[in-house]
Amino acid sequence: MDNRDNLKQNMIYNEQFKYDGLNPMQQKAVFATEGPVLVLAGAGSGKTRVLTHRFAYLVEERGVSPYDILAITFTNKAAREMKERVEDLLGNYYRGLWVSTFHSACVRILRMEIDKLDFKKNFVIYDTMDQQVVMKECLEELDLDREMFQPRIVLGKMGRAKDQLIGPDRYASEFGDDFLNKKISELYGMYQDKLKKNNALDFDDLIMKTVQLFQTNPMVLHYYQNKFKYILVDEFQDTNMAQYVLISLLAKEHGNLCVVGDDDQSIYGWRGADIRNILGFEKDFPDSRVVKLEQNYRSTKSILDAANMVVANNMDRKVKKLWTDNQGGEIIQCYQGNNEYDEANFIASTIEKLNYEENRPYSQFAVLYRTNAQSRVIEEMLMKNGIPYRIYSGVRFYDRKEIKDILAYLRAVENPADDVSVKRIINVPRRGIGAKSMSRFEKYAEANSESFFNALLNVNKIQNQSRVEAQTNKFTDLIMSLREKRNEMTVTSIVEKIYEDSGYIDALLAEDKIEAESRIENLKEFLSLTQDFDENAEEKTLDGFLARTSLETTMDEDGDDMNTVSLMTLHGAKGLEFPVVFISGMEEGIFPSYMSIQENNEEEERRLCYVGITRAKERLYISHAVQRTLYGRTNQNAISRFIKEIPEGLIDIDKPYDRKKEVRKMQTSPLFTGAMMHQKRKSKHSLDPNRIKAGVKVKHPKFGVGTVVSVAGEILTIAFVDAGIKKISSEFVKLEITE
DNA sequence: TGCAAATGCTTTTTT
DNA sequence: AGCATTTGCA
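Residues numbered from 1 in each chain as written. Chains lettered and ligands numbered in written order. Predicted model: local features only at pLDDT ≥ 70, side-chain atom pairs only at ≥ 80, totals over all residues. Heavy atoms only, no water.

1. Topic: the overall build of chain A
Across its full length, chain A carries 32 helices and 22 strands. Long-range pairs, those at least 24 residues apart, make up 75% of the contacts in chain A between residues at least 6 apart in sequence. Roughly 34000 Å² of accessible area belongs to chain A as shown, and the carbon and sulfur atoms make up 49% of that amount. (Helix = DSSP H or I, 4+ residues; strand = E, 2+ residues; numbered from the N terminus. Contact = heavy atoms within 4.5 Å. Areas by Shrake-Rupley, 256 points an atom, 1.4 Å probe, with all protein chains shown as cover.)

Written as structure tokens, this is what we have:
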């Protein structure tokens, strides 16, 4: 349907029912526009509807400009969805609304104002990897033991300090002035200096620096206080102290702050989220109104009851009772697998069964797990069964080596002072500039307190090897020439020029390896991203492109139009819902995780379980394995405590003696017998396993000729001449060896 | 001096 | 899968 028709349709609908369709509590939350409001919104209570209607109500009934509303969501995807729904409600398209994540909003502010903090406006954003690089440098310079001061740990502590707006100077006094903490505070200071020099901010800085900006520049603060007449914050239970201070500062002028959250869904304590923000809101804002949304519209009664029973085991929570008018529905099915493959097989065959028997499209299913590492086996099994799936993992497309390399080039072009990026690519592809040359450049830069790139420009004063000098000049020429023209060029054309002139693609081609081919594929894929940016971005500059890429994750991607099963971590599932949900790996040590038990974080894990259960609308399957191999270690894990917290009447726990029954049941289901036949047919096709190994050339009935890249059990990764790289199960497809 | 291959290690959750 | 470290070669 035409978009316009869609809008019109909505407008007619809206005129009549826009606010009538809300229940009395939801209406209360929507109409309470003035002053501080705390909306305690249980899972599935129509929170998003309330937020979007409140936005629309402010604009339509209160005459507020949509640009004077600041709405904070947890992910970029949620922000996009909120924008769309608000636009639908208002029947209008708006450009540049302030509907975004904390981080994106801060970037937007800082990109206009950060010169007041003595940064340049085109600052880059360092991700976790970049942080590690900088921290390692600091450790080296202070000559500290990498074991005692693991970069990851130190960065974690530093990050938590930033969440609480504690700078390097205050670090030791706040966290203890023993040797360890003193050193960490020293590292912290050094790290911040380096970032400043590189004109870079990390994720936590984005928040902290914005607060700092407001605290040191009353005029700037006043401007934004005035601008944002109404503030909405979603997922408030997951805000940290810095974010809380930021919001409080902004809301001071008008006081119209509406926060929405659910203390039972607070799952980001490890990232500095402070549950006290929501528990103490009424104290901090004494004149605040509280609206509780307790009717759940999402799940069946069985699922909701189970979730309530589990979370009731937590002590530290606001009292609330989530209820539903929905039917009881099926009780929860719990499957005990022999191992992780058995478990995955249960998941795959159940999906197949429901897809066949109940005609459910694949998009109705989600498989949730505690850690990303658990996805692999499930993925394999889905693939083997020909079930389309999509992984929403925390790992970004942008985290691939080749993409990070290209981004480093782009950052270097935008900001040659970014030492981390310049150092990353100075010898990628190989230019014959090794460790020795590097340290010479570093020394020179250090001695003259210049950037590393400046040292490269002065290569003739540092190096007398003509080869190194020539290569270095070639590199700096490329960067400088692109830098000069970057405002006239599209991002795509800049990237293409880098691909060619840096020799990056040539080097990959020369490698003549399958791996290199897939990297080239990814680089091509990257071009379609830049093209999309060049066409659609609001601010079509290289600077704008970089700001966006560093904040977008795969969690933010839309896969709605695809008919695929969704695979994601329990954290990633927050805010989403699916008709059928699988929670896998329900074992002690996995979920709750070993670490959380050690650190006494049981309650947060339980909330995570609550989040998982409440994602399900109609059916919930829980599974665990008697034996599991993870990170190369085989363990026998006890059944998760959370399973035991679900009362007997709500869950069908698959006892060992029941399993035969289960197997019989499955064998008689038409789909399963079909699958079995399928399997038999296949085994005829299977090749002599001894002959299949990396490098062997094979022929596939559909994809044609290709080369085996890797073998993992029966899953083969094959690079086809025409079809590109595919993963194929040797059991399922007739492959011929052609050599 | 630079580089490629081999080996060992790592992993909770993410903006 | 990707990283750091080591080793051997040119």
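2. Brief notes about the pairing of strand β10 (residues 365-369)
By the criterion of burial, β10 is predominantly enclosed, with 5 of the 5 residues buried. Side chains F365, V367 and Y369 of β10 all project onto a buried face; the interleaved residues A366 and L368 project onto the opposite face, where all are buried too. Note: β10 against strand β13 (residues 578-583), 4 bridges, orientation parallel. Bridging across to β13, L368 finds its partner in I583. Across 4 bridges, the pairing between β10 and strand β12 (residues 565-569) is parallel. (Buried < 20%, exposed > 50% of the residue type's maximum accessible area, 1.4 Å probe, protein only. Pairing = 2+ DSSP bridges.)

3. A word on the nonpolar core
Core analysis: the largest hydrophobic core is formed by 69 residues, its most contacted members being L206, F214, I231, V233 and L257. The biggest single contributor to this core is helix α12 (residues 241-251), with 8 residues. Setting aside residues up to four positions removed in sequence, I231 forms contacts with L70, I247, L250, A251, N256, L257 and C258. In this structure, L410, Y444, Y504 and F533 belong to the second largest nonpolar core, which totals 49 residues. (Core = buried A, V, L, I, M, F, W, Y, C linked by side-chain atoms within 4.5 Å.)

4. Some remarks on the environment of E446
Here E446 shows up in helix α20 (residues 435-447). Put simply, E446 and E577 are 131 residues apart on the chain and 53 Å apart in space, counted from C-alpha to C-alpha.

5. What to know about the packing of aromatic side chains
Applying the stated criterion to the full structure yields 25 aromatic pairs. Ring centres 5.8 Å apart and planes at 50° place the aromatic pair F214 and Y224 in the tilted group. In this pair, F214 is assigned in helix α10 (residues 203-216) and Y224 in helix α11 (residues 218-227), connecting sequence segments 10 residues apart. Ring centres of F533 and F545 lie 5.1 Å apart, and the angle between their planes is 75°; on these two criteria the pair is classed as edge-to-face. Here the residue F533 occupies a position in helix α26 (residues 514-536), and F545 occupies one in helix α27 (residues 542-549), the gap between them amounting to 12 residues. Classification of F545 as buried rests on a relative accessible area of 3%. The rings of W98, F214, Y223, Y224 and F228 are connected pair by pair, giving a single aromatic cluster. (Phe/Tyr/Trp six-rings, centres within 6.5 Å; stacked < 30°, edge-to-face > 60°.)

6. Examining the protein's contact with DNA strand B
As a matter of local geometry, DNA strand B sits amid 27 residues, with R370, R430, K436, T553 and T569 nearest to it. Of all DNA strand B atoms lying within 4 Å of any protein atom, the proportion belonging to sugar or phosphate reaches 61%. The separation between a sugar or linking oxygen of DNA strand B and a polar side-chain atom of R271 is 3.4 Å. Taking N372, its main chain carries an N or O atom lying 3.1 Å from a phosphate oxygen of DNA strand B. The biggest single contributor to the surface near DNA strand B is α20, with 4 residues. Grouping the amino acids of the surface near DNA strand B by side-chain chemistry returns 8 nonpolar, 12 polar and 7 charged. (Near = heavy atom within 4 Å. Polar contact = N/O pair within 3.5 Å; in protein donor to acceptor, adjacent residues only side chain to side chain. Nonpolar A, V, L, I, M, F, W, Y, C, P; charged D, E, K, R; others polar.)

7. Description of the packing of helix α5 (residues 102-113) against α12
For any two helices packed against each other, the geometry comes down to the angle between their axes and how far apart the axes lie. Packing of α5 against α12 leaves a shortest axis separation of 12 Å and a crossing angle of 55°. The angle between α5 and α12 places the two elements in the oblique class. With respect to the hand of their crossing, α5 and α12 are arranged in left-handed fashion. Between α5, through F102, H103 and C106, and α12, the contact on the second element is made entirely by Q243, L246 and I247. (Axes fitted to C-alpha atoms, helices over the stretch in contact; angles between N-to-C directions. Parallel < 35°, antiparallel > 145°, perpendicular 65-115°, else oblique. Left-handed = near helix turned anticlockwise from the far one by under 90°.)

8. Describing the confidence of the model for chain A
Looking at chain A, the pLDDT average stands at 84 and 85% of residues meet or exceed 70. Every residue in residues 1-5 is under pLDDT 50, and counting partners more than four places away or in other chains gives 1 contact. Across residues 664-690, where pLDDT falls below 50, the model places 25 contacts with residues more than four positions away in sequence or in other chains. (pLDDT = per-residue confidence, 0-100.)

9. Some details on the pattern of salt bridges
Across all of its chains, the model carries 49 salt bridges by this definition. Between R411 and D130 there is a salt bridge, with its nearest N and O atoms 3.1 Å apart. With R411 in helix α18 (residues 401-414) and D130 in helix α6 (residues 128-141), the pair connects residues that are 281 residues apart, well separated along the chain. Of the residues examined, R411 reaches a relative accessible area of 10% and is grouped as buried. Linking D163 and R160 is a salt bridge whose minimum nitrogen-to-oxygen distance equals 2.8 Å. Here D163 pairs with R160, and both are found in helix α7 (residues 151-163), just 3 residues apart, close to one helical turn. (Salt bridge = Lys/Arg side-chain N within 4 Å of Asp/Glu carboxyl O.)

10. Some thoughts on helix α23 (residues 466-485)
Between its first and last C-alpha atoms α23 spans 28 Å; for 20 residues at 1.5 Å apiece the expected length is 28 Å, and the two agree. The complete set of buried residues in α23 reads V468, T472, F475, T476, L478, I479 and L482. Angularly, the buried residues of α23 cover 145° about the axis, an arc narrow enough to put them on a single face. Counted as exposed and oriented over 90 degrees from the buried face of α23: S466, K474 and E484. Those residues of α23 hidden inside the fold are in contact with α18, α19 (419-425), α20, α21 (452-457), α22 (459-462) and α24 (491-501). (Expected span 1.5 Å × (residues − 1). Arc of directions from axis to C-beta.)

11. Topic: α7
Every α-helix winds through 3.6 residues per turn, so residues three or four apart in the chain are directed the same way. Taking 1.5 Å as the rise per residue, α7 with 13 residues should run 18 Å; its terminal C-alpha atoms sit 18 Å apart, in good agreement. Among all positions in α7, only P151, V154, L155, M158, G159, A161, K162 and D163 are buried. Buried-residue contacts for α7 involve α6, α8 (168-175), α9 (179-197), β5 (200-202), α10 and α12. Looking at the residues trailing α7, positive phi occurs at L165, about 60°.

12. Details of the sheet that holds strand β1 (residues 37-41)
With parallel pairing, 6 strands are arranged side by side in an open sheet as β3-β2-β6-β7-β1-β8. The sheet is open, and its two borders are formed by β3 (98-101) and β8 (289-293), each paired with just one other strand. For this sheet the average axis-to-axis angle between neighbouring strands, irrespective of direction, equals 15°. Where β1 and β8 come together, 5 bridges link them in parallel fashion. By the bridge assignment, V39 is partnered in β8 with V291.

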